[in-house]
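The primary structure of each chain is shown beneath.
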There are 2 protein chains.
Amino acid sequence: EIVEWIERFFTSNNHVKTLIGKKVLVTAGPTIEPLDPVRYFSNYSSGKMGFALAEAAALAGAEVTLISGPVSLPTPPQVRRIDIVQAEEMKEEVLQALPQMDVIIKSAAVADYRPQKIYHQKMKKVQEELTVILEKTPDIATEVGKRKLAHQLLVGFAAETQDVETYALGKLKKKGMDLIVANNVAEPGAGFGIDTNIVTVYDQEGVVKAFPKMSKKELAVELITLIGDRLHGK
Amino acid sequence: EIVEWIERFFTSNNHVKTLIGKKVLVTAGPTIEPLDPVRYFSNYSSGKMGFALAEAAALAGAEVTLISGPVSLPTPPQVRRIDIVQAEEMKEEVLQALPQMDVIIKSAAVADYRPQKIYHQKMKKVQEELTVILEKTPDIATEVGKRKLAHQLLVGFAAETQDVETYALGKLKKKGMDLIVANNVAEPGAGFGIDTNIVTVYDQEGVVKAFPKMSKKELAVELITLIGDRLHGK
(Lines give C-alpha, C1' and ligand atoms only; values in the text may rest on other atoms or scores of the structure.)
Protein backbone atom coordinates (compact mmCIF):
# COMPACT_ATOMS: atom_id res chain seq x y z
CA GLU A 1 0.00 0.00 0.00
CA ILE A 2 2.87 2.34 0.81
CA VAL A 3 4.46 1.51 -2.57
CA GLU A 4 1.19 2.24 -4.29
CA TRP A 5 0.97 5.54 -2.44
CA ILE A 6 4.52 6.53 -3.40
CA GLU A 7 3.68 5.75 -7.01
CA ARG A 8 0.61 7.92 -6.79
CA PHE A 9 2.62 10.63 -5.09
CA PHE A 10 5.01 10.87 -8.02
CA THR A 11 2.47 10.40 -10.79
CA SER A 12 -0.46 12.34 -9.34
CA ASN A 13 -2.03 15.05 -11.48
CA ASN A 14 -0.72 17.96 -9.50
CA HIS A 15 2.84 17.46 -10.75
CA VAL A 16 4.02 20.48 -8.89
CA LYS A 17 3.84 19.63 -5.21
CA THR A 18 2.03 22.86 -4.45
CA LEU A 19 1.64 22.19 -0.76
CA ILE A 20 5.19 21.09 0.13
CA GLY A 21 6.12 22.56 3.50
CA LYS A 22 2.52 23.54 4.23
CA LYS A 23 0.55 22.36 7.21
CA VAL A 24 -3.05 21.52 6.36
CA LEU A 25 -5.88 20.80 8.79
CA VAL A 26 -8.89 18.91 7.45
CA THR A 27 -12.02 18.20 9.48
CA ALA A 28 -14.32 15.41 8.31
CA GLY A 29 -17.34 13.30 9.11
CA PRO A 30 -20.32 13.94 11.36
CA THR A 31 -20.38 14.48 15.09
CA ILE A 32 -22.55 12.44 17.41
CA GLU A 33 -24.48 14.22 20.16
CA PRO A 34 -25.81 11.81 22.81
CA LEU A 35 -29.27 11.94 24.33
CA ASP A 36 -28.76 8.97 26.69
CA PRO A 37 -26.35 5.98 26.82
CA VAL A 38 -28.15 4.38 23.88
CA ARG A 39 -29.65 7.14 21.72
CA TYR A 40 -28.02 9.99 19.85
CA PHE A 41 -28.54 12.73 17.36
CA SER A 42 -26.33 12.96 14.25
CA ASN A 43 -26.22 13.66 10.51
CA TYR A 44 -25.56 11.76 7.29
CA SER A 45 -21.95 12.82 6.67
CA SER A 46 -19.87 9.82 5.61
CA GLY A 47 -16.52 11.64 5.79
CA LYS A 48 -15.74 10.71 2.16
CA MET A 49 -15.18 14.28 0.94
CA GLY A 50 -12.94 15.19 3.90
CA PHE A 51 -10.89 12.00 3.70
CA ALA A 52 -10.41 12.53 -0.05
CA LEU A 53 -9.23 16.10 0.65
CA ALA A 54 -6.79 14.89 3.33
CA GLU A 55 -5.41 12.32 0.90
CA ALA A 56 -5.12 14.85 -1.96
CA ALA A 57 -3.39 17.38 0.31
CA ALA A 58 -0.87 14.73 1.41
CA LEU A 59 -0.28 13.80 -2.25
CA ALA A 60 0.36 17.49 -2.95
CA GLY A 61 3.13 17.41 -0.37
CA ALA A 62 1.39 18.90 2.68
CA GLU A 63 1.74 17.77 6.27
CA VAL A 64 -1.87 16.84 6.97
CA THR A 65 -3.83 16.60 10.21
CA LEU A 66 -7.29 15.07 9.88
CA ILE A 67 -9.79 15.56 12.70
CA SER A 68 -12.66 13.17 12.13
CA GLY A 69 -15.98 12.27 13.67
CA PRO A 70 -17.15 8.62 13.71
CA VAL A 71 -16.85 7.23 10.16
CA SER A 72 -15.91 3.86 8.69
CA LEU A 73 -13.06 4.93 6.42
CA PRO A 74 -9.37 4.01 6.50
CA THR A 75 -6.91 6.79 7.35
CA PRO A 76 -5.24 8.04 4.12
CA PRO A 77 -1.48 7.33 3.93
CA GLN A 78 0.81 9.93 5.52
CA VAL A 79 -2.04 11.64 7.35
CA ARG A 80 -2.16 12.21 11.12
CA ARG A 81 -5.68 11.39 12.28
CA ILE A 82 -7.43 12.53 15.46
CA ASP A 83 -10.81 10.95 16.23
CA ILE A 84 -13.52 12.85 18.05
CA VAL A 85 -17.21 12.18 18.76
CA GLN A 86 -18.99 15.36 19.88
CA ALA A 87 -18.91 18.96 18.56
CA GLU A 88 -17.33 20.07 21.84
CA GLU A 89 -14.31 17.78 21.27
CA MET A 90 -14.06 18.87 17.64
CA LYS A 91 -13.83 22.47 18.83
CA GLU A 92 -11.05 21.68 21.34
CA GLU A 93 -8.96 19.76 18.81
CA VAL A 94 -9.42 22.33 16.04
CA LEU A 95 -8.53 25.30 18.25
CA GLN A 96 -5.48 23.48 19.59
CA ALA A 97 -4.16 22.62 16.12
CA LEU A 98 -5.11 25.98 14.57
CA PRO A 99 -2.07 28.21 15.30
CA GLN A 100 0.37 25.90 13.47
CA MET A 101 -1.72 25.56 10.31
CA ASP A 102 -1.38 27.23 6.90
CA VAL A 103 -4.63 25.90 5.50
CA ILE A 104 -7.79 24.92 7.37
CA ILE A 105 -10.39 22.94 5.44
CA LYS A 106 -13.58 22.52 7.45
CA SER A 107 -15.44 19.76 5.66
CA ALA A 108 -16.86 18.10 8.79
CA ALA A 109 -20.62 18.23 9.26
CA VAL A 110 -20.45 19.28 12.89
CA ALA A 111 -23.86 18.99 14.55
CA ASP A 112 -25.19 22.51 15.09
CA TYR A 113 -27.67 21.36 17.74
CA ARG A 114 -27.32 18.88 20.59
CA PRO A 115 -29.68 17.63 23.30
CA GLN A 116 -29.64 20.19 26.11
CA LYS A 117 -29.85 17.46 28.73
CA ILE A 118 -27.97 14.17 28.47
CA TYR A 119 -29.63 11.36 30.46
CA HIS A 120 -27.28 8.96 32.21
CA GLN A 121 -29.72 6.05 32.12
CA LYS A 122 -31.56 4.75 29.07
CA MET A 123 -34.88 6.58 28.79
CA LYS A 124 -37.75 4.12 29.08
CA LYS A 125 -40.44 3.77 26.43
CA VAL A 126 -43.36 4.82 28.60
CA GLN A 127 -44.66 8.08 27.24
CA GLU A 128 -46.42 8.34 23.91
CA GLU A 129 -44.36 11.42 23.13
CA LEU A 130 -40.98 12.68 24.25
CA THR A 131 -39.99 16.32 24.00
CA VAL A 132 -36.30 16.88 23.38
CA ILE A 133 -34.86 20.37 23.72
CA LEU A 134 -31.90 20.92 21.42
CA GLU A 135 -29.41 23.73 22.07
CA LYS A 136 -26.79 25.20 19.76
CA THR A 137 -23.35 23.60 19.79
CA PRO A 138 -20.27 25.86 19.94
CA ASP A 139 -19.84 27.65 16.60
CA ILE A 140 -16.37 26.41 15.64
CA ALA A 141 -16.23 28.20 12.27
CA THR A 142 -16.90 31.62 13.82
CA GLU A 143 -14.28 31.00 16.52
CA VAL A 144 -11.73 29.91 13.89
CA GLY A 145 -12.58 32.98 11.78
CA LYS A 146 -11.86 35.24 14.77
CA ARG A 147 -8.49 33.63 15.55
CA LYS A 148 -7.37 33.32 11.91
CA LEU A 149 -3.83 34.59 11.27
CA ALA A 150 -3.03 36.73 8.23
CA HIS A 151 -1.23 33.97 6.33
CA GLN A 152 -3.86 31.31 6.99
CA LEU A 153 -6.29 30.20 4.31
CA LEU A 154 -9.68 29.18 5.65
CA VAL A 155 -11.88 26.95 3.50
CA GLY A 156 -15.42 26.08 4.55
CA PHE A 157 -18.21 23.91 3.23
CA ALA A 158 -21.92 24.61 2.91
CA ALA A 159 -24.30 21.69 2.46
CA GLU A 160 -27.73 23.08 1.76
CA THR A 161 -31.02 21.91 0.33
CA GLN A 162 -32.26 25.27 -1.04
CA ASP A 163 -30.96 28.80 -1.85
CA VAL A 164 -27.44 27.35 -1.84
CA GLU A 165 -25.63 30.45 -3.16
CA THR A 166 -27.31 32.86 -0.74
CA TYR A 167 -26.57 30.70 2.29
CA ALA A 168 -23.01 29.91 1.14
CA LEU A 169 -22.05 33.56 0.57
CA GLY A 170 -23.67 34.58 3.85
CA LYS A 171 -21.70 31.89 5.71
CA LEU A 172 -18.43 32.83 3.95
CA LYS A 173 -18.71 36.47 4.99
CA LYS A 174 -20.07 35.90 8.49
CA LYS A 175 -17.35 33.39 9.36
CA GLY A 176 -14.36 35.09 7.75
CA MET A 177 -13.65 32.30 5.28
CA ASP A 178 -11.46 32.77 2.21
CA LEU A 179 -13.22 30.11 0.17
CA ILE A 180 -16.45 28.19 0.57
CA VAL A 181 -17.33 24.97 -1.23
CA ALA A 182 -21.10 24.80 -1.63
CA ASN A 183 -23.34 21.98 -2.71
CA ASN A 184 -26.99 21.14 -2.77
CA VAL A 185 -27.17 17.85 -0.88
CA ALA A 186 -30.68 17.24 -2.23
CA GLU A 187 -29.37 17.18 -5.83
CA PRO A 188 -28.81 13.71 -7.38
CA GLY A 189 -25.05 13.07 -7.59
CA ALA A 190 -24.19 15.46 -4.75
CA GLY A 191 -24.06 15.17 -1.01
CA PHE A 192 -23.88 12.63 1.77
CA GLY A 193 -22.77 9.03 1.60
CA ILE A 194 -22.33 8.79 -2.17
CA ASP A 195 -19.02 8.82 -4.06
CA THR A 196 -19.69 11.83 -6.31
CA ASN A 197 -20.29 15.51 -5.65
CA ILE A 198 -21.31 18.66 -7.55
CA VAL A 199 -19.93 21.85 -6.01
CA THR A 200 -19.39 25.53 -6.67
CA VAL A 201 -16.54 27.38 -4.97
CA TYR A 202 -17.04 31.01 -3.89
CA ASP A 203 -14.79 33.69 -2.42
CA GLN A 204 -15.68 37.16 -1.13
CA GLU A 205 -16.02 38.37 -4.75
CA GLY A 206 -18.43 35.63 -5.86
CA VAL A 207 -18.10 32.46 -7.93
CA VAL A 208 -14.53 31.16 -8.26
CA LYS A 209 -15.37 27.95 -10.09
CA ALA A 210 -18.37 25.70 -10.68
CA PHE A 211 -17.34 22.06 -10.98
CA PRO A 212 -19.37 19.49 -12.91
CA LYS A 213 -20.38 16.22 -11.25
CA MET A 214 -17.25 14.20 -10.48
CA SER A 215 -15.98 11.66 -7.99
CA LYS A 216 -15.15 13.02 -4.54
CA LYS A 217 -11.55 11.82 -5.06
CA GLU A 218 -11.18 13.75 -8.35
CA LEU A 219 -12.91 16.76 -6.89
CA ALA A 220 -10.55 16.68 -3.90
CA VAL A 221 -7.53 16.92 -6.23
CA GLU A 222 -9.15 19.87 -8.06
CA LEU A 223 -9.94 21.65 -4.80
CA ILE A 224 -6.42 21.11 -3.42
CA THR A 225 -4.96 22.52 -6.67
CA LEU A 226 -7.25 25.54 -6.37
CA ILE A 227 -6.23 25.98 -2.72
CA GLY A 228 -2.55 25.70 -3.69
CA ASP A 229 -3.00 28.42 -6.35
CA ARG A 230 -4.76 30.66 -3.84
CA LEU A 231 -1.97 30.11 -1.30
CA HIS A 232 0.63 31.13 -3.85
CA GLY A 233 -1.33 34.28 -4.73
CA LYS A 234 -2.49 33.07 -8.13
CA GLU B 1 -13.68 -17.21 1.38
CA ILE B 2 -16.27 -19.81 0.39
CA VAL B 3 -13.70 -22.57 0.97
CA GLU B 4 -12.93 -21.14 4.39
CA TRP B 5 -16.63 -21.05 5.16
CA ILE B 6 -17.13 -24.66 4.08
CA GLU B 7 -14.22 -25.66 6.30
CA ARG B 8 -15.80 -23.80 9.21
CA PHE B 9 -19.16 -25.37 8.37
CA PHE B 10 -17.79 -28.88 8.78
CA THR B 11 -15.49 -28.18 11.73
CA SER B 12 -17.63 -25.73 13.70
CA ASN B 13 -18.33 -26.52 17.35
CA ASN B 14 -21.94 -27.44 16.89
CA HIS B 15 -21.09 -30.68 15.12
CA VAL B 16 -24.70 -31.64 14.87
CA LYS B 17 -26.25 -29.22 12.43
CA THR B 18 -29.09 -28.45 14.79
CA LEU B 19 -30.81 -25.98 12.51
CA ILE B 20 -30.81 -27.93 9.24
CA GLY B 21 -34.10 -27.39 7.45
CA LYS B 22 -35.01 -24.49 9.74
CA LYS B 23 -35.73 -20.95 8.58
CA VAL B 24 -34.24 -18.33 10.85
CA LEU B 25 -34.92 -14.59 10.77
CA VAL B 26 -32.35 -12.32 12.43
CA THR B 27 -32.76 -8.55 12.76
CA ALA B 28 -29.66 -6.45 13.41
CA GLY B 29 -28.22 -2.98 13.67
CA PRO B 30 -29.86 0.35 14.52
CA THR B 31 -32.57 2.16 12.64
CA ILE B 32 -32.19 5.77 11.52
CA GLU B 33 -35.12 8.15 12.01
CA PRO B 34 -34.75 11.37 9.99
CA LEU B 35 -35.51 14.86 11.30
CA ASP B 36 -34.65 16.68 8.05
CA PRO B 37 -32.59 15.83 4.90
CA VAL B 38 -29.37 16.21 6.91
CA ARG B 39 -30.10 15.34 10.54
CA TYR B 40 -31.33 12.15 12.15
CA PHE B 41 -31.91 10.34 15.37
CA SER B 42 -30.36 6.90 15.97
CA ASN B 43 -28.61 4.62 18.46
CA TYR B 44 -25.21 3.02 18.95
CA SER B 45 -25.97 -0.49 17.68
CA SER B 46 -23.13 -1.70 15.44
CA GLY B 47 -24.96 -4.83 14.25
CA LYS B 48 -22.07 -7.06 15.40
CA MET B 49 -24.18 -9.31 17.66
CA GLY B 50 -26.90 -9.79 15.04
CA PHE B 51 -24.45 -10.47 12.20
CA ALA B 52 -22.61 -13.01 14.40
CA LEU B 53 -25.95 -14.71 15.15
CA ALA B 54 -26.85 -14.83 11.45
CA GLU B 55 -23.46 -16.37 10.66
CA ALA B 56 -23.71 -18.92 13.50
CA ALA B 57 -27.25 -19.89 12.44
CA ALA B 58 -26.06 -20.44 8.85
CA LEU B 59 -23.14 -22.54 10.15
CA ALA B 60 -25.68 -24.60 12.12
CA GLY B 61 -27.42 -25.39 8.85
CA ALA B 62 -30.31 -22.90 8.91
CA GLU B 63 -31.66 -20.93 5.98
CA VAL B 64 -31.03 -17.42 7.31
CA THR B 65 -32.67 -14.10 6.47
CA LEU B 66 -30.95 -11.06 7.99
CA ILE B 67 -32.86 -7.75 8.10
CA SER B 68 -30.39 -5.02 8.94
CA GLY B 69 -30.32 -1.31 9.62
CA PRO B 70 -27.38 0.81 8.37
CA VAL B 71 -24.14 -0.84 9.55
CA SER B 72 -20.67 -1.27 8.05
CA LEU B 73 -20.38 -5.04 8.22
CA PRO B 74 -20.02 -7.61 5.43
CA THR B 75 -22.93 -10.01 4.87
CA PRO B 76 -22.08 -13.41 6.40
CA PRO B 77 -21.75 -16.24 3.86
CA GLN B 78 -24.95 -18.04 2.86
CA VAL B 79 -27.16 -15.39 4.46
CA ARG B 80 -29.90 -13.52 2.60
CA ARG B 81 -29.67 -9.86 3.65
CA ILE B 82 -32.37 -7.18 3.43
CA ASP B 83 -31.29 -3.61 4.23
CA ILE B 84 -33.67 -1.13 5.82
CA VAL B 85 -33.27 2.36 7.30
CA GLN B 86 -36.30 3.31 9.40
CA ALA B 87 -38.32 1.39 12.03
CA GLU B 88 -41.34 1.51 9.70
CA GLU B 89 -39.44 -0.41 6.97
CA MET B 90 -38.11 -2.88 9.55
CA LYS B 91 -41.69 -3.60 10.59
CA GLU B 92 -42.83 -4.20 7.00
CA GLU B 93 -39.95 -6.55 6.19
CA VAL B 94 -40.24 -8.49 9.46
CA LEU B 95 -44.01 -8.98 9.17
CA GLN B 96 -43.66 -10.08 5.56
CA ALA B 97 -40.97 -12.66 6.36
CA LEU B 98 -42.56 -13.82 9.62
CA PRO B 99 -45.06 -16.52 8.50
CA GLN B 100 -42.32 -18.66 6.87
CA MET B 101 -39.94 -18.59 9.83
CA ASP B 102 -39.21 -21.21 12.49
CA VAL B 103 -37.01 -18.97 14.63
CA ILE B 104 -37.12 -15.17 14.95
CA ILE B 105 -34.15 -13.49 16.65
CA LYS B 106 -34.78 -9.80 17.20
CA SER B 107 -31.35 -8.38 17.93
CA ALA B 108 -31.84 -5.07 16.09
CA ALA B 109 -31.92 -1.91 18.19
CA VAL B 110 -34.98 -0.48 16.49
CA ALA B 111 -35.47 3.16 17.44
CA ASP B 112 -38.45 3.33 19.79
CA TYR B 113 -38.97 7.05 19.16
CA ARG B 114 -38.78 9.08 15.94
CA PRO B 115 -39.26 12.78 15.15
CA GLN B 116 -43.00 13.39 14.83
CA LYS B 117 -42.47 15.83 11.97
CA ILE B 118 -39.88 15.30 9.23
CA TYR B 119 -38.76 18.57 7.62
CA HIS B 120 -38.17 18.44 3.87
CA GLN B 121 -35.60 21.26 3.88
CA LYS B 122 -32.55 21.51 6.12
CA MET B 123 -33.53 23.38 9.28
CA LYS B 124 -31.54 26.61 9.59
CA LYS B 125 -29.43 27.42 12.60
CA VAL B 126 -31.32 30.52 13.68
CA GLN B 127 -32.95 29.75 17.00
CA GLU B 128 -30.96 29.28 20.18
CA GLU B 129 -33.09 26.24 21.00
CA LEU B 130 -35.04 23.77 18.93
CA THR B 131 -37.82 21.67 20.39
CA VAL B 132 -38.18 18.26 18.78
CA ILE B 133 -41.25 16.17 19.54
CA LEU B 134 -40.51 12.46 19.36
CA GLU B 135 -43.32 9.93 18.92
CA LYS B 136 -43.29 6.17 19.44
CA THR B 137 -42.35 4.01 16.46
CA PRO B 138 -44.47 0.94 15.66
CA ASP B 139 -43.87 -1.73 18.30
CA ILE B 140 -42.61 -4.56 16.10
CA ALA B 141 -41.96 -7.01 18.94
CA THR B 142 -45.53 -6.78 20.24
CA GLU B 143 -46.93 -7.23 16.72
CA VAL B 144 -44.67 -10.25 16.14
CA GLY B 145 -45.71 -11.67 19.54
CA LYS B 146 -49.38 -11.42 18.51
CA ARG B 147 -48.88 -13.14 15.15
CA LYS B 148 -46.52 -15.82 16.42
CA LEU B 149 -47.45 -19.36 15.31
CA ALA B 150 -47.33 -22.28 17.75
CA HIS B 151 -44.15 -23.81 16.29
CA GLN B 152 -42.22 -20.51 16.12
CA LEU B 153 -39.51 -19.66 18.64
CA LEU B 154 -39.25 -15.96 19.38
CA VAL B 155 -35.99 -14.65 20.81
CA GLY B 156 -35.63 -11.03 21.90
CA PHE B 157 -32.87 -8.82 23.24
CA ALA B 158 -32.91 -6.30 26.07
CA ALA B 159 -30.15 -3.72 26.24
CA GLU B 160 -30.54 -1.85 29.51
CA THR B 161 -28.43 0.37 31.74
CA GLN B 162 -30.13 -0.47 35.06
CA ASP B 163 -32.50 -3.07 36.61
CA VAL B 164 -31.69 -5.35 33.69
CA GLU B 165 -33.46 -8.46 34.96
CA THR B 166 -36.70 -6.66 35.84
CA TYR B 167 -36.91 -4.94 32.47
CA ALA B 168 -35.89 -8.08 30.57
CA LEU B 169 -38.48 -10.32 32.24
CA GLY B 170 -41.15 -7.64 31.81
CA LYS B 171 -40.36 -7.36 28.10
CA LEU B 172 -40.29 -11.15 27.64
CA LYS B 173 -43.78 -11.56 29.14
CA LYS B 174 -45.35 -8.49 27.58
CA LYS B 175 -44.15 -9.35 24.09
CA GLY B 176 -44.77 -13.11 24.13
CA MET B 177 -41.10 -14.04 23.67
CA ASP B 178 -39.80 -17.54 24.38
CA LEU B 179 -36.30 -16.36 25.28
CA ILE B 180 -34.76 -13.00 25.99
CA VAL B 181 -31.05 -12.21 25.89
CA ALA B 182 -30.34 -9.41 28.33
CA ASN B 183 -27.28 -7.28 28.86
CA ASN B 184 -26.28 -4.16 30.69
CA VAL B 185 -24.84 -1.97 27.95
CA ALA B 186 -23.23 0.28 30.58
CA GLU B 187 -21.09 -2.62 31.85
CA PRO B 188 -17.48 -2.76 30.57
CA GLY B 189 -17.15 -5.61 28.08
CA ALA B 190 -20.85 -5.58 27.15
CA GLY B 191 -22.92 -3.62 24.73
CA PHE B 192 -22.64 -1.47 21.63
CA GLY B 193 -19.82 -1.28 19.14
CA ILE B 194 -17.36 -3.54 20.95
CA ASP B 195 -16.50 -7.14 20.07
CA THR B 196 -17.43 -8.75 23.39
CA ASN B 197 -20.67 -9.15 25.30
CA ILE B 198 -21.90 -10.35 28.71
CA VAL B 199 -25.45 -11.67 28.65
CA THR B 200 -27.98 -13.63 30.64
CA VAL B 201 -30.73 -15.57 28.88
CA TYR B 202 -34.19 -15.78 30.46
CA ASP B 203 -37.39 -17.64 29.63
CA GLN B 204 -40.83 -17.41 31.23
CA GLU B 205 -39.54 -19.42 34.22
CA GLY B 206 -36.49 -17.22 34.92
CA VAL B 207 -32.76 -17.54 34.25
CA VAL B 208 -31.86 -20.10 31.58
CA LYS B 209 -28.13 -19.37 31.48
CA ALA B 210 -25.74 -16.59 32.47
CA PHE B 211 -22.80 -16.38 30.09
CA PRO B 212 -19.42 -14.96 31.12
CA LYS B 213 -17.78 -12.24 29.03
CA MET B 214 -16.94 -13.63 25.61
CA SER B 215 -16.59 -12.50 22.02
CA LYS B 216 -19.85 -11.79 20.20
CA LYS B 217 -18.89 -14.50 17.66
CA GLU B 218 -18.41 -17.14 20.39
CA LEU B 219 -21.53 -16.02 22.19
CA ALA B 220 -23.50 -16.26 18.94
CA VAL B 221 -22.52 -19.94 18.59
CA GLU B 222 -23.57 -20.57 22.23
CA LEU B 223 -26.91 -18.82 21.72
CA ILE B 224 -27.63 -20.68 18.48
CA THR B 225 -26.86 -23.98 20.24
CA LEU B 226 -29.24 -23.01 23.05
CA ILE B 227 -31.90 -22.05 20.49
CA GLY B 228 -31.40 -25.36 18.67
CA ASP B 229 -31.87 -27.28 21.95
CA ARG B 230 -35.02 -25.30 22.72
CA LEU B 231 -36.39 -25.98 19.25
CA HIS B 232 -35.85 -29.71 19.69
CA GLY B 233 -37.58 -29.63 23.07
CA LYS B 234 -34.41 -30.14 25.13
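Predicted model, so just to flag it, every value in this text is computed and none were measured.

J.: Requested: an account of the relation of the copies chain B and chain A, with residues and values cited.
T.: Once turned by 180° and shifted 0.0 Å along the axis, chain B lies on chain A with an RMSD of 0.0 Å. Both copies of the chain, as the preceding transformation shows, are related through a two-fold rotation axis. Most of the interface of chain B is mirrored in chain A, where 100% of its interface residues again form contacts.

J.: So, the sheet that holds strand S8 (residues 129-136) of chain A: which residues are in play, and what are the values?
T.: The strand order across the open sheet formed by four strands is S7(A)-S8(A)-S8(B)-S7(B), and the pairing between neighbours is antiparallel. Single-partner strands in this sheet number two, and they are strand S7 (113-115) of chain A together with strand S7 (113-115) of chain B. Across this sheet, the average inter-strand angle for adjacent strands is 40°, counted without regard to direction. Two strands pair when backbone bridges link them, and S7 of chain A and S8 of chain A are joined in this way by three bridges, in the antiparallel orientation. Among the inter-strand pairings, tyrosine 113 of chain A is bridged to a residue of S8 of chain A, identified as lysine 136 of chain A.

J.: Quick one: what's the story with the interface of chain B and chain A, residue by residue and with numbers?
T.: Each partner contributes to the interface: chain B provides 40 residues, whereas chain A provides 40 residues. Together chain B and chain A conceal approximately 4,000 Å² of surface at their shared face, both sides included; 52% is due to carbon and sulfur atoms. Its largest share of buried area at the contact with chain A, chain B owes to Tyr40, Tyr44 and Lys125 of chain B, together 18% of the area lost on that side. Applying the counting rule to chain B against chain A returns four salt bridges.

J.: Mind laying out the sheet that holds strand S12 (residues 200-203) of chain A, listing which residues take part and the relevant values?
T.: Strand pairing in a sheet relies on backbone hydrogen bonds, with the paired strands running either antiparallel or parallel. Residues and elements named next belong to chain A. Here eight strands make up an open sheet; going across it, the order is S5-S4-S1-S6-S9-S10-S12-S13 and the pairing mixed. Two strands bound the open sheet, and with one partner strand each, they are strand S5 (79-83) and strand S13 (206-210). Strand after strand, the sheet turns through a mean of 20° between neighbouring axes, direction not considered. Bridge count for strand S1 (residues 23-28) against strand S4 (residues 63-68) is six bridges, and the pairing is parallel. What sits directly across from alanine 28, in S4, is serine 68.

J.: With reference to specific residues and values, describe the side chain of aspartate 36 of chain B.
T.: All names here are of chain B. Along the chain, aspartate 36 turns up in the loop between strand S2 (33-34) and strand S3 (39-43). The exposure class of aspartate 36 is buried, given its relative accessible area of 2%. Polar side-chain contacts of aspartate 36 include one of 2.8 Å to the backbone nitrogen of valine 38. There is a polar contact of 2.5 Å between the side chain of aspartate 36 and the side chain of arginine 39.

J.: Describe the environment of lysine 17 of chain A, listing the residues and the values that go with them.
T.: For lysine 17 of chain A, the position within the fold is in the loop between helix H1 (2-11) and S1. A C-alpha to C-alpha distance of 31 Å links lysine 17 of chain A and glutamate 165 of chain A, two positions 148 residues apart in sequence.

J.: Describe the pattern of salt bridges, and please don't skip the residues or the numbers.
T.: Scanning the model with the defined rule gives 26 salt bridges over all chains in all. Measuring nitrogen to oxygen at the nearest pair gives 2.9 Å for the salt bridge that ties arginine 230 of chain A to aspartate 203 of chain A. With arginine 230 of chain A in helix H6 (residues 216-231) and aspartate 203 of chain A in strand S12, the pair connects residues that are 27 residues apart, well separated along the chain. One network of salt bridges, with partners in common, ties together Asp36 and Arg39 of chain A together with Asp112 of chain B.

J.: Account for the pairing of strand S1 (residues 23-28) of chain B, with residues named and values stated.
T.: Residues and elements named next belong to chain B. When you tally the buried positions in S1, you get five out of six residues, the bulk of the element. Two strands pair when backbone bridges link them, and S1 and strand S6 (residues 103-106) are joined in this way by four bridges, in the parallel orientation. What sits directly across from threonine 27, in S6, is lysine 106.

J.: I'd like a description of helix H4 (residues 140-147) of chain A, backed by residues and values.
T.: Residues and elements named next belong to chain A. Ile140, Ala141 and Val144 are the residues of H4 that are buried. All buried residues of H4 project into a common sector of 95° when viewed along the axis, lining one side. Buried residues along H4 sit in contact with helix H3 (87-97), strand S6 (103-106) and strand S9 (153-160). Its side-chain oxygen 3.3 Å from the backbone nitrogen of alanine 141, aspartate 139 forms the N-cap of H4.

J.: Please set out the packing of aromatic side chains residue by residue, giving values where relevant.
T.: Under the criterion given, the structure shown has four aromatic pairs over all chains. With centroids separated by 6.0 Å and ring planes inclined at 70°, the aromatic side chains of phenylalanine 41 of chain A and phenylalanine 41 of chain B adopt a geometry described as edge-to-face. Here phenylalanine 41 of chain A is found in strand S3 (residues 39-43), whereas its partner phenylalanine 41 of chain B is found in strand S3 on a different chain. Across this residue pair, the class does not change: phenylalanine 41 of chain A and phenylalanine 41 of chain B are buried. With 4.8 Å between their ring centres and 45° between their planes, tyrosine 44 of chain A and tyrosine 40 of chain B make a pair best called tilted. Of this pair, tyrosine 44 of chain A sits in the loop between S3 and helix H2 (48-59) while tyrosine 40 of chain B sits in strand S3, which puts the two residues in different chains. With relative accessibility at 9%, the residue tyrosine 40 of chain B sits in the buried group. In this arrangement the basic side chain of lysine 117 of chain A is found over the ring face of tyrosine 119 of chain A, its NZ or CZ atom lying 4.6 Å from the centre.

Cut-off values and rules
Here the residue numbers are simple positions, counted from 1 along each chain's written sequence. Both sets of labels track the order of writing: A upward for chains, 1 upward for ligands. Per-residue local features are limited, in this predicted model, to residues with pLDDT of at least 70; the limit for side-chain atom pairs, both in listing and counting, is 80 or more; totals at the level of whole chains, interfaces and linings are taken over all residues. Side-chain numbers come from the whole structure's heavy atoms, not from hydrogens or water. Residues reaching a pLDDT of at least 70 in both copies supply the C-alpha atoms on which the copies are superposed by least squares. Between two residues, a contact is recorded if the distance between any of their heavy atoms is within 4.5 Å. Here, a strand pair is defined by DSSP locating no fewer than two bridges between the strands. Secondary structure counts use DSSP, requiring at least four H or I residues in a row for a helix and at least two E residues in a row for a strand, with both numbered from the N terminus. Every axis in this analysis is a line fitted to C-alpha atoms, fitted for helices over the stretch in contact. Angles between the N-to-C directions lie between 0 and 180 degrees. Throughout, buried area stands for the accessible area (probe radius 1.4 Å) lost by two parts on being put together, summed over both. Just to be clear on terms, a salt bridge is a Lys or Arg side-chain nitrogen sitting within 4 Å of an Asp or Glu carboxyl oxygen. Burial here depends on accessible area, computed with a 1.4 Å probe over protein chains only, as a share of the maximum for the residue type. Under 20% is buried, over 50% is exposed, and the range in between is partly exposed. What qualifies as a polar contact is a pair of N or O atoms within 3.5 Å, subject to a donor-acceptor requirement within protein and to the restriction that residues adjacent in sequence count only when both atoms come from side chains. It is the directions from the helix axis to the C-beta atoms that the arc portrays. Put simply, two rings from Phe, Tyr or Trp (the six-membered ring, in Trp's case) pair if the centres are within 6.5 Å, and we call them stacked under 30 degrees between planes, edge-to-face over 60, tilted for the rest. The criterion for a charge sitting over a ring is simple: Lys NZ or Arg CZ within 6 Å of the ring centre, and within 35 degrees of the ring normal.

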